[in-house]
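Chain by chain, the residues:
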Amino acid sequence: MVAADSEKSRLDEAARAGWLYFIAGHTQDEIARMLQVSRASAQRLVSLCLAERLITFRLEHPIAACMELAARLKDRFHLAYCEVVPTDPAAPQSSAGIAERAANVLESTLRTEKPVIVALGTGRAVRAAVERVSPIDCPDHQIVSLVGNISADGSASFFDTVGRLADRTKARHYPMPLPFLMASERERDQMLRIDPISRVRAVAAKADLRLVGIGQMDQRAQVLVDGFVSREQLFEMMRLGAVGELTGWAFDAKGRIIKGGTNARLTSIPPQVPAQALTIGAAVGLAKVLAIRAALKGRLINGLITDEATAGAILKP
């Protein structure tokens, strides 16, 4: 009990130091005097505040280069929404920047008084965004999964997001308790007719916002790495022309949903073509450029959150 009280007191001091430094704008020397600690202790408290995420930040400064890229993407692909964040030179594949902006979109949507339905895909960027959403009490909203969250070996996806966002918002939520792929098209159709499943799909069809990841279809494909498809199934879809996937639905270089292959047995909610509700793809990395560009061409998404390097590559002729 004494140890727990000591830890709470230290976190309280860290939060106070973080507020004084980042919000009130005091120097570490000033903070040391205010808290009656050494300068080194004040520095450690500020660092602890950041490490424990007692204080978080959102970049609000309009960076001209990012804004220009976003405007060009929006104009070329007739997007309803587009955000481009700076690329981290030290970690060009990092999804931290796009996750922060996606979290902002989620929060803005969920803070509205009118009841809304938010539909979520899966993947690292979407999960990272959900982890950054501040706790909100919004029980009148609904959160629904677009993707079956059970892999081939029966395990649940680590990147499932619906339950996590529901924990943070107290919103009513609808997971998709189905295998990602069924053994046959007939079996898939039978499962989708089960009443609770059809109800979840009906909720998803009315979503006001869809937030999805976009995956490439190559030997580093997330659906392969995460165990949702086998190597043979992946190669079959590649032979059929697949360059990317959105909630598991494979599409070709023109953004056309491929007929047959794993798509015939997929339980995920199919994309609206063209996207009707605000459908934002969150994706970053040069390996995903072909997939992102195809999703934009096929109008599978009407919103995009990406970084400078990826945006520049998408816009190249």
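Up top is the structure.
Residues numbered from 1 in each chain as written. Predicted model: local features only at pLDDT ≥ 70, side-chain atom pairs only at ≥ 80, totals over all residues. Heavy atoms only, no water.

**Q** Explain the environment of Thr 112 to me, using residue names and the numbers behind them.
**A** For Thr 112, the position within the fold is in the loop between α5 (96–110) and β2 (117–120). Linking Thr 112 and Arg 127, residues 15 residues apart in sequence, is a C-alpha distance of 22 Å. Polar contacts involving the side chain of Thr 112 include one to the main-chain carbonyl oxygen of Lys 114, which spans 3.4 Å. (Helix = DSSP H or I, 4+ residues; strand = E, 2+ residues; numbered from the N terminus. Polar contact = N/O pair within 3.5 Å; in protein donor to acceptor, adjacent residues only side chain to side chain.)

**Q** Please give an account of the packing of aromatic side chains that cites residues and values.
**A** A full pass over the atoms with the stated rule returns two aromatic pairs. Between Tyr 21 and Phe 22 the ring centres are 4.9 Å apart and the planes differ by 90 degrees, which places this aromatic pair in the edge-to-face class. When its relative accessible area of 32% is taken as the criterion, Tyr 21 is described as partly exposed. Each ring, one from Phe 180 and one from Phe 228, has its centre 4.8 Å from the other, and the planes form 40 degrees; the classification is tilted. Of this pair, Phe 180 sits in the loop between β4 (172–174) and α8 (185–192) while Phe 228 sits in the loop between α10 (222–225) and α11 (231–239), and the two are 48 residues apart along the sequence. Given the relative accessible area of 4%, Phe 180 is considered buried. (Phe/Tyr/Trp six-rings, centres within 6.5 Å; stacked < 30°, edge-to-face > 60°. Buried < 20%, exposed > 50% of the residue type's maximum accessible area, 1.4 Å probe, protein only.)

**Q** For the side chain of Lys 288, give the residues involved together with the corresponding values.
**A** Mapping Lys 288 onto the fold places it in the loop between β8 (278–282) and α12 (289–297). Buried charged residue Lys 288 carries no salt bridge. Nearest counter-charge: Glu 245, at 7.0 Å. Ignoring any residue separated from it by four or fewer positions in sequence, one finds Lys 288 in contact with Ile 214, Gly 215, Gln 216, Gln 222 and Ala 283. (Lys, Arg positive; Asp, Glu negative; His and termini not counted. Salt bridge = Lys/Arg side-chain N within 4 Å of Asp/Glu carboxyl O. Contact = heavy atoms within 4.5 Å.)

**Q** Let's hear about the pattern of salt bridges: which residues, and what values?
**A** Enumeration over the complete set of coordinates arrives at twelve salt bridges. In this structure, Arg 188 engages Asp 189 in a salt bridge whose closest nitrogen and oxygen atoms are separated by 2.9 Å. Given a relative accessible area of 10%, Arg 188 falls into the buried group. Salt bridges linked by common partners bring Arg 127, Glu 131, Arg 164 and Arg 168 together as one network.

**Q** Please set out the side chain of Ser 268 residue by residue, giving values where relevant.
**A** Note on placement: Ser 268 falls in the loop between β7 (249–251) and β8. Judged by relative accessible area, which is 1%, Ser 268 ranks as buried. Among the polar contacts listed, one links the side chain of Ser 268 to the backbone oxygen of Thr 247, at a separation of 2.9 Å. Those residues in contact with Ser 268 that lie beyond four places of it in its chain are Leu 146, Val 147, Gly 148, Phe 180, Arg 201, Thr 247 and Trp 249.

**Q** Account for the packing of α12 against helix α13 (residues 308–315), naming residues and giving values.
**A** In the contact formed by α12 and α13, the axes pass within 9 Å of each other and the chain directions differ by 60 degrees. Where α12 crosses over α13, the handedness of that crossing is right-handed. Taken together, the residues of α13 that come into contact with α12 (itself represented by Val 289, Ile 292, Arg 293 and Leu 296) are Thr 310, Ala 313 and Ile 314. Tallied by class, residues from the contact of α12 with α13 come to five nonpolar, one polar and one charged. (Axes fitted to C-alpha atoms, helices over the stretch in contact; angles between N-to-C directions. Left-handed = near helix turned anticlockwise from the far one by under 90°. Nonpolar A, V, L, I, M, F, W, Y, C, P; charged D, E, K, R; others polar.)

**Q** Could you give an account of the state of the cysteines, with specific residues and numbers?
**A** Under the counting rule described, the total for this entry stands at zero disulfides. Unpaired in this structure, Cys 82 has its nearest cysteine sulfur neighbour in Cys 66, at a distance of 10 Å. (Disulfide = S-S within 2.5 Å.)

**Q** Residues and numbers for the pairing of β8, please.
**A** With four of its five residues buried, β8 lies for the most part within the structure. Of the pairings in the sheet, the one linking strand β5 (residues 209–216) to β8 comprises five bridges and is parallel in character. Bridge pairing links Gly 213 to Ala 282 in β8. Bridging between β8 and strand β9 (residues 303–307) involves three bridges; their strand directions are parallel. Note that in β9 the partner of Ala 282 across the bridge is Ile 305. Running through α12, the crossover from β8 to the neighbouring parallel element β9 is right-handed. (Pairing = 2+ DSSP bridges. Right-handed = clockwise from strand over helix to strand, strands pointing away.)

**Q** Describe the nonpolar core, with residues and values.
**A** In terms of nonpolar packing, the biggest core is built from 57 residues, with Leu 73 and Leu 304 touching the most fellow members. The contacts of Leu 73, once residues within four sequence positions are left out, are His 78, Leu 79, Cys 82, Val 84, Leu 304, Thr 306, Ala 311, Ile 314 and Leu 315. Val 116, Val 126, Ala 128 and Val 133 belong to the second-largest nonpolar core, a separate cluster that totals 30 residues. (Core = buried A, V, L, I, M, F, W, Y, C linked by side-chain atoms within 4.5 Å.)

**Q** With reference to specific residues and values, describe the pairing of β2.
**A** Each regular strand displays side chains that alternate between the two surfaces of the sheet. Alternating positions in β2 separate into two faces, Ile 117 and Ala 119 on one and Val 118 and Leu 120 on the other, with burial throughout. As judged from the four bridges shared by β2 and strand β3 (residues 142–145), these two strands associate in the parallel manner. Across the sheet, the residue bridging to Leu 120 is Ser 145, located in β3. Crossover handedness for the path β2 to helix α6 (residues 124–131) to β3: right-handed. Inspection of the sheet shows β2 paired to β5 by three bridges, in the parallel sense. Bridge pairing in β5 places Leu 120 opposite Leu 211.

**Q** Requested: an account of the environment of Met 237, with residues and values cited.
**A** On the secondary structure map, Met 237 appears in helix α11. The spatial distance from the C-alpha of Met 237 to the C-alpha of Thr 262 is 7.2 Å, given a sequence separation of 25 residues.

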